[in-house]
Amino acid sequence: MKKIVFTLAGLLSLAGTLQAQTERLHRIQENIQTVFYDPASALYQETNDAAHNEKPHSYLWPLCALVQAANEMEVLEPKQSYLGPVLKTIQQYYNENPPAPGYQAYVTKEKIDTRFFDDNQWIAIACLDAYQRTKQKSYLDTAELIYRFMMTGYDQAGGGGIYWKEDDKTTKNTCSNGPGVLIALQLYKIKKDRKYLDTALDLYRWTNTHLQAPSGIYYDAVKLPSMKIDSAIYTYNTGTMLQSSVLLYELTKEKKYLQEAQRVAKAARQHFFRKQKFPDHYWFNVVLLRGYIELYQIDADPQYLKLFKQDAERIWKEEKDAKDLIGKKPWKTLIDQAAMLEMYARLQTLKL
């Protein structure tokens with residue numbers, strides 16, 4: 001009898017935990033829509049404090065976080081429509097100027113702005129995840145459009161690689177090449193066209209040659225034409241390349257890619273997880289989490305994911321205000337809310 005009672009108690013406790021996690025997700029989602037969203041324009045503001053908003057509306061970058069968070073919410077609640085409205089907002093950043101259409105950094109009707117290759121790539125990654133989940137062709141169409149745009153940023157200066165943004169030929173970054181690998185691999189997985197795998201391998205090799213530290217983690221950028229390394233180290237750069245190594249293993253079955261992923265995973269933990277926490281940039285960290293989740297799908301070792309769970313719970317306890325807006329500063333940002341929405345949604349999907 002005691003065993004049965006214990007089992008029921010355990011089930012009730014689990015149900016309570018899941019309910020609390022779901023309520024937290026809905027609270028963050030509600031805050032995003034009520035605090036940062038402007039229904040009249042269907043656009044967002046970058047922060048909840050007008051004094052810290054550079055423009056009347058958000059740049060595209062926070063929406064690159066929000067679009068992925070919206071996809072992860074639909075993974076948990078497939079009958080809801082979180083992703084469509086965000087993509088509709090992103091369409092207001094569409095710019096079809098030559099050499100290929102893409103999405104610019106700021107709202108098109110308000111000003112013509114530069115186009116960052118990585119901004120576009122994050123949107124494509126979310127759309128490819130959504131396509132794999134739903135098989136809705138519009139998601140694939142958007143990803144293919146962005147693939148064509150990102151390849152306009154590729155040339156042989158510095159031996160290959162993709163620039164950071166289209167009007168600056170002085171820097172090629174891990175943040176514009178790691179995501180490029182992921183897009184190309186996902187398109188290869190879907191379309192079975194060898195050109196996508198060739199692109200992925202080319203970008204992967206170039207990034208590892210020029211931007212990987214000996215330990216396994218990744219530097220930020222290489223400057224052109226000097227080839228001087230910008231040695232800043234951020235979690236998201238290592239995250240995309242970790243995920244790329246795992247996907248290459250999945251697609252090629254070559255063990256060298258899995259071994260590399262495991263090496264990078266260990267190096268990232270040693271470098272980034274300090275004093276029982278990850279660095280302060282939530283969105284950079286959730287991109288690293290994506291890489292660890294990809295590895296977990298292969299080796300079923302939860303050791304790294306438990307660290308993210310631990311840190312995510314710490315953030316909810318220590319780094320939010322009375323209205324449950326998340327962030328260490330007195331003013332709160334859209335990108336921080338979106339990043340933590342993705343973080344909690346992914347961890348809940350994994351049942352961690």
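Details of the structure are given in the entry above.
Reference entry: report on the structure contained in this document.

The rules behind each value
- The numbers attached to residues start from 1 for each chain and follow its sequence in the written order.
- The predicted origin of the model limits local features to residues at a pLDDT of at least 70 and limits the giving and counting of side-chain atom pairs to 80 or more, whereas totals for whole chains, interfaces and linings rest on all residues.
- Just so you know, side-chain values use all the structure's heavy atoms and leave hydrogens and water out.
- A helix here means a DSSP run of H or I that spans at least four residues, while a strand means a run of E at least two residues long, and both kinds are numbered starting from the N terminus.
- Remark: exposure states derive from per-residue accessible area (1.4 Å probe, protein chains only) relative to the maximum for the residue type, with buried under 20%, exposed over 50%, and partly exposed in between.
- Contacts described as polar in this section are N or O atom pairs within 3.5 Å, which, within protein, must combine one atom able to donate a hydrogen with one able to accept it, while residues neighboring in sequence count only if both atoms come from side chains.
- In what follows, residue pairs with any heavy atoms lying within 4.5 Å of each other are defined as contacts.
- Here a cavity is any set of points on a 1 Å grid over the protein atoms alone where a 1.4 Å probe fits but cannot get out, and a pocket is any open set with protein on both sides within 12 Å along at least 5 of 7 lines; a residue lines the site when it has an atom within 4 Å of a point.
- Grid points are joined across faces, edges and corners, and a volume is the space filled by probe spheres set on the points.
- To define a nonpolar core, start from buried Ala, Val, Leu, Ile, Met, Phe, Trp, Tyr and Cys residues and group those joined through side-chain atoms within 4.5 Å.
- A pair of aromatic rings is counted whenever rings of Phe, Tyr or Trp (Trp by its six-membered ring) have centres within 6.5 Å, and the orientation is called stacked for planes under 30 degrees apart, edge-to-face for over 60 and tilted otherwise.
- The residue classification treats Ala, Val, Leu, Ile, Met, Phe, Trp, Tyr, Cys and Pro as nonpolar and Asp, Glu, Lys and Arg as charged. All others, Gly included, are polar.
- Arc, as used here, means the arc of the directions from the helix axis to the C-beta atoms.

1. Comments concerning the side chain of S244
In step 1: Inspection of the secondary structure assignment puts S244 in helix α8 (residues 235-252).
In step 2: Take S244: its relative accessible area is 0%, and that puts it in the buried class.
In step 3: A polar atom in the side chain of S244 sits 2.8 Å from the backbone oxygen of T240.
In step 4: When residues no more than four places from it in sequence are discounted, the contact partners of S244 are G178, V181, L182, L185 and Y204.

2. A look at the environment of A69
In step 1: Note on placement: A69 falls in helix α2 (residues 60-76).
In step 2: Take A69: its relative accessible area is 0%, and that puts it in the buried class.
In step 3: A69 sits 30 residues away from P99 along the chain, and the two C-alpha atoms are 30 Å apart.
In step 4: Every residue in contact with A69, bar those within four places of it in the chain, is listed here: A338, L341 and E342.

3. Notes on the side chain of N71
In step 1: With respect to the helices, strands and loops of the structure, N71 is situated in helix α2.
In step 2: The exposure class of N71 is buried, given its relative accessible area of 2%.
In step 3: Sequence-distant contacts of N71, defined by excluding residues within four places in its chain, comprise L83, A126, D129, A130 and R133.

4. A short note on the layout of surface pockets
In step 1: Counted as a void, the largest pocket has a volume near 550 Å³.
In step 2: Along its surface, the largest pocket is lined by 20 residues, and E72, D129, I293, E294 and R346 are the ones closest to its centre.
In step 3: Looking at the lining of the largest pocket, the elements that each hand over two or more residues are α2, α4 (117-134), α6 (174-191), α8, α10 (282-299) and α12 (334-349).

5. Observations concerning the nonpolar core
In step 1: Counting 113 residues, the largest nonpolar core has I90, I123, W283, Y292 and Y344 as the members making the most contacts within it.
In step 2: Residue contacts for I90: discarding those within four places in its chain leaves L60, L63, V67, Y103 and I123.

6. Focus on the packing of aromatic side chains
In step 1: All chains considered together, the criterion is met by 21 aromatic pairs.
In step 2: Ring geometry for Y234 versus Y236: centroids 6.3 Å apart, planes at 65°, classification edge-to-face.
In step 3: Judged by its relative accessible area of 8%, Y236 is buried.
In step 4: A centroid spacing of 3.9 Å and a plane angle of 10° characterise the contact between Y236 and F284, whose relative ring orientation is stacked. In this pair, Y236 sits in helix α8 while F284 sits in helix α10, placing the two residues 48 residues apart along the sequence.
In step 5: Assessed through its relative accessible area of 11%, F284 is described here as buried.
In step 6: Through a chain of ring-to-ring contacts, the aromatic side chains of W61, W122, Y234, Y236, W283 and F284 assemble into a single cluster.

7. A short note on empty space enclosed by the protein
Think of a ball as big as a water molecule: rolled over the atoms, this probe shows where empty space is left.
In step 1: Inspection of the entire model under this criterion finds 1 cavity of 30 Å³ or more.
In step 2: Taken as a whole, the largest cavity encloses approximately 50 Å³ of empty space.
In step 3: As for the largest cavity, its lining consists of Q21, R24, L25, K309, E313, Y344, L347, Q348 and L352.
In step 4: Looking at the lining of the largest cavity, the elements that each hand over two or more residues are α1 (2-36), α11 (303-318) and α12.
In step 5: In terms of residue class, the lining of the largest cavity is built from 4 nonpolar, 2 polar and 3 charged.

8. So, helix α3 (residues 83-90)
In step 1: Those residues of α3 not exposed but buried are L83, V86, L87, T89 and I90. Looking straight down α3, one finds its buried side chains confined to an arc of 155°; they lie on one side.

Bear in mind that shape data such as this cannot, by itself, settle questions of function.
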